[in-house]
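Below, each chain spelled out in residue letters.
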Amino acid sequence: MSEQQTAAPAPTFGEALKVWFKVGCLSFGGPAGQIALMHKIVVDEKKWLDEPRFLHALNFSMLLPGPEATELATYAGWLLHGVRGGLTAGLLFVLPGALVMLGLTLLYVYGRGLGPIDGALFGIKAAVLVIVVEALIRIGRRALKSQLLIALAALGFIAIFFFAVPFPLIVAAAALTGFLVAQRAPGQLALSDSPVAVAPARKGRWTQFAVSLALGLILWWAPVALAALLLGGGHVLVAVGLFFSKLAVVTFGGAYAVLAYMAQQAVETHGWLTAPEMVDGLGLAETTPGPLILVTQFVGFIAAFRAPAPFSPLAAGLIGAAMTTWVTFVPPILWIFAGAPFIEELRGNKRLAGALAAITAAVVGVILNLSVWFALHVLFGHVTEQHFGPLRWYAFDPLALDLRAAALATVAAVLAFGLHRGLIEVIVMMAALGAIAQYLI
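Description of the structure in this document.

About the cut-offs
- Numbers given to residues run from 1 along each chain, matching the order in which its sequence is written.
- Restriction of local features to residues with pLDDT of at least 70 applies here, the model being predicted, together with a cutoff of 80 or more for giving and counting side-chain atom pairs; totals for whole chains, interfaces and linings are based on all residues.
- To obtain the side-chain values, all non-hydrogen atoms of the structure were used and water was disregarded.
- Where helices and strands are cited, they refer to DSSP runs of H or I of at least four residues and of E of at least two residues respectively, numbered from the N terminus.
- The globule rule used for comparison is 2.2 Å times the number of residues to the exponent 0.38, while the radius of gyration itself is calculated over C-alpha atoms.
- Exposure categories follow from relative accessible area, calculated using a 1.4 Å probe and restricted to protein chains: below 20% of the type maximum is buried, above 50% is exposed, and the middle band is partly exposed.
- Two residues qualify as a contact provided that any one of their heavy atoms is within 4.5 Å of a heavy atom in the partner residue.
- In this analysis an axis means a line fitted to C-alpha atoms, helices contributing only their contacting stretch, and an angle means the value between N-to-C directions, from 0 to 180 degrees.
- If an angle is under 35 degrees, it is roughly parallel; if it is over 145, roughly antiparallel; if it lies from 65 to 115, roughly perpendicular; otherwise it is oblique.
- In the scheme used here, Gly and all other residues not listed as nonpolar or charged are polar, with Ala, Val, Leu, Ile, Met, Phe, Trp, Tyr, Cys and Pro taken as nonpolar and Asp, Glu, Lys and Arg as charged.
- The patches described consist of residues with a relative accessible area above 30% and no salt bridge, like charges being joined within 9 Å and nonpolar side chains (Val, Leu, Ile, Met, Phe, Trp, Tyr) within 5 Å.
- Per-residue and other accessible areas were derived by the Shrake-Rupley procedure at a 1.4 Å probe size, with only the shown protein chains allowed to occlude residues.
- Salt bridges are defined by distance alone: a side-chain nitrogen of Lys or Arg within 4 Å of a carboxyl oxygen of Asp or Glu.
- Centre distance within 6.5 Å is the pairing criterion for rings of Phe, Tyr and Trp, where only the six-membered ring of Trp is used; planes under 30 degrees apart are then read as stacked, over 60 as edge-to-face, and the remainder as tilted.
- Helix crossings fall into two classes, left-handed where the near helix is turned counterclockwise from the far one by less than a right angle and right-handed where it is turned clockwise.
- To estimate the expected span of a helix, subtract one from its residue number and multiply by 1.5 Å.
- The quantity called bend is, for any residue, the angle between two axes fitted respectively to the seven residues ending at it and the seven beginning at it.
- Throughout this description, the term nonpolar core refers to a set of buried Ala, Val, Leu, Ile, Met, Phe, Trp, Tyr and Cys residues connected via side-chain atoms within 4.5 Å.

### Observations concerning the overall build of the protein
What the protein contains, in helices and strands, is 17 helices and two strands. A compact globule built from 441 residues should have a C-alpha radius of gyration of about 22 Å, and the protein, at 22 Å, falls within 12% of that. The principal-axis extent of the C-alpha atoms belonging to the protein is close to 65 × 50 × 45 Å. Looking at the protein as a whole, 51% of its 441 residues are labelled buried. In the protein, the share of contacts with a sequence separation of at least 24, taken over all contacts with a separation of at least 6, comes to 75%.

If you want it as structure tokens, here you go:
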């Protein structure tokens, strides 16, 4: 057995605590960078988990809704120290980024109107365009390995962009397709025909599932129920809790997949913020450690800040941010504790693997929708939604192209695709260029 595959003795809880805090503070770069960081520290450096076990944990996390890097950290912590280890790893993975995101949101709300801040946000919008396109290319290369998967991606784009089909329905249809095709023709989903060795079922797994599910559901819904009881079912905090709870159940394929659904619902259905503000929120989330889905915290803060009664705007915003973060991250931790005993059985389920492959393919089409939606709002400003029967499209004036935004987006594309600069570096450079452009142009 190689050195990389040999697991070291389990660490003490104190040692693991320090490492999970380090991971939470350094986990920039989206899910790929965060998973790579955990692999480097937990597998290569500390050797607390061997390579096969880490990959099994990653595969399990990718089968679940929610941010896979958060779920991977939670599961790794559970493997090392049980429930307290999982809770510690999961919370420390999220908390540093959540605090940074909250600080940036406060700066955003109270600092807008100042030239340098407005300019920096303008530059970040251009960077966000390129970052989303880069994610589209990266995920597409990984996911679209057969003609059926390409077709599912195309259908996903057509369904959400031209017919406004809800994202959860697209996920369900793709999952059902993959589930049915996987058993008879796994090659159409780029799945291997080789059987997967499955470990014997763990004793007591159904008891752990039932207890974890019951406690998790109580913790998940308690703040939403309390808000409804004290403030009434129509209060914005209840709406925020319900909406982001629903989002937590359908977040397959990473944050970029669900962002299109969240952005359009938050902007067009609920009216919590504008499309440019949604782009700003994504740009801020890209600069923080931790999961990109922390952009939900930004949306929750803005929504409550603008409908604060009976609180002050600041207090309402803070409660809204806390509510959003809670209902976004309690469910993924719940899935881990409830499903961990079944990990080996899930590994051998070809139909589940097929459902996941089909969902990931459809998600590529959804991310393409997000790319087009962002591009229209950043480059042309005023965009209106038009309908003809079930058909939906976006109308804009091609002559209203914002030349400054287009120029900055071109620079960001050169930095990312031509010079291969890192994500944080691109965002910082574009923020600086945006601030300069605010005064020069």
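We are not done yet, so read on.
### Here's the deal with the packing of helix H5 (residues 115–143) against helix H11 (residues 275–286)
As a packed pair, H5 and H11 sit with axes 9 Å apart at the nearest point and diverge in direction by 75 degrees. The angle between the axes of H5 and H11 places the two elements in the roughly perpendicular class. Contacts between H5 and H11 pair Leu-121, Ile-124, Lys-125, Val-128, Ile-131 and Val-132 from the former with Pro-276, Val-279, Asp-280, Leu-282, Gly-283, Leu-284 and Glu-286 from the latter. Residue classes in the contact of H5 with H11 are distributed as nine nonpolar, one polar and three charged.

### Focus: a nonpolar patch on the surface
A surface patch of nonpolar side chains, about 670 Å² in accessible area, is lined by Leu-155, Ile-158, Phe-162, Phe-163, Phe-388, Leu-391 and Trp-393. Of all the secondary-structure elements, those providing two or more residues to the nonpolar patch are helix H6 (147–162) and strand S2 (391–395). For the nonpolar patch, the leading source of residues is H6, giving three residues. With respect to the element layout, Phe-388 can be found in strand S1 (residues 384–388).

### Remarks on the packing of aromatic side chains
Counted according to the given criterion, the structure contains 15 aromatic pairs. Aromatic pair Phe-157 and Phe-162: ring centres 6.0 Å apart, planes at 90 degrees, arrangement edge-to-face. Classification of Phe-157 as buried rests on a relative accessible area of 16%. Here Phe-162 falls in the partly exposed class, since its relative accessible area comes to 30%.

### Section: the packing of helix H9 (residues 236–250) against helix H12 (residues 295–305)
Packing of H9 against H12 leaves a shortest axis separation of 10 Å and a crossing angle of 160 degrees. Between H9 and H12, the crossing angle belongs to the class labelled roughly antiparallel. Of the two elements, H9 crosses H12, and the hand of that crossing is right-handed. For the pair H9 and H12, contact is made by Val-236, Leu-237, Val-240, Phe-244 and Leu-247 and by Thr-296, Val-299, Gly-300, Ala-303 and Ala-304, respectively.

### Observations regarding helix H4 (residues 68–111)
In this model, H4 (44 residues) spans only 33 Å end to end at C-alpha, well below the 64 Å of a helix rising 1.5 Å per residue. For H4, the principal kink sits at His-81 and spans about 150 degrees.

### What about the nonpolar core?
With 140 residues, the main nonpolar core has Trp-20 and Trp-272 as its most contacted residues. Among all residues touching Trp-20, those that are not within four sequence positions of it are Met-38, Val-42, Ala-73, Ala-76, Gly-77, Leu-80, Ala-89 and Leu-92.

### Concerning the side chain of Asn-369
Following the sequence through the fold, Asn-369 ends up in helix H15 (residues 350–380). Among the residues examined, Asn-369 registers a relative accessible area of 0% and is labelled buried. In contact with Asn-369, not counting residues within four places along its chain, are Phe-157, Ile-160, Phe-161, Ala-260 and Gln-264.

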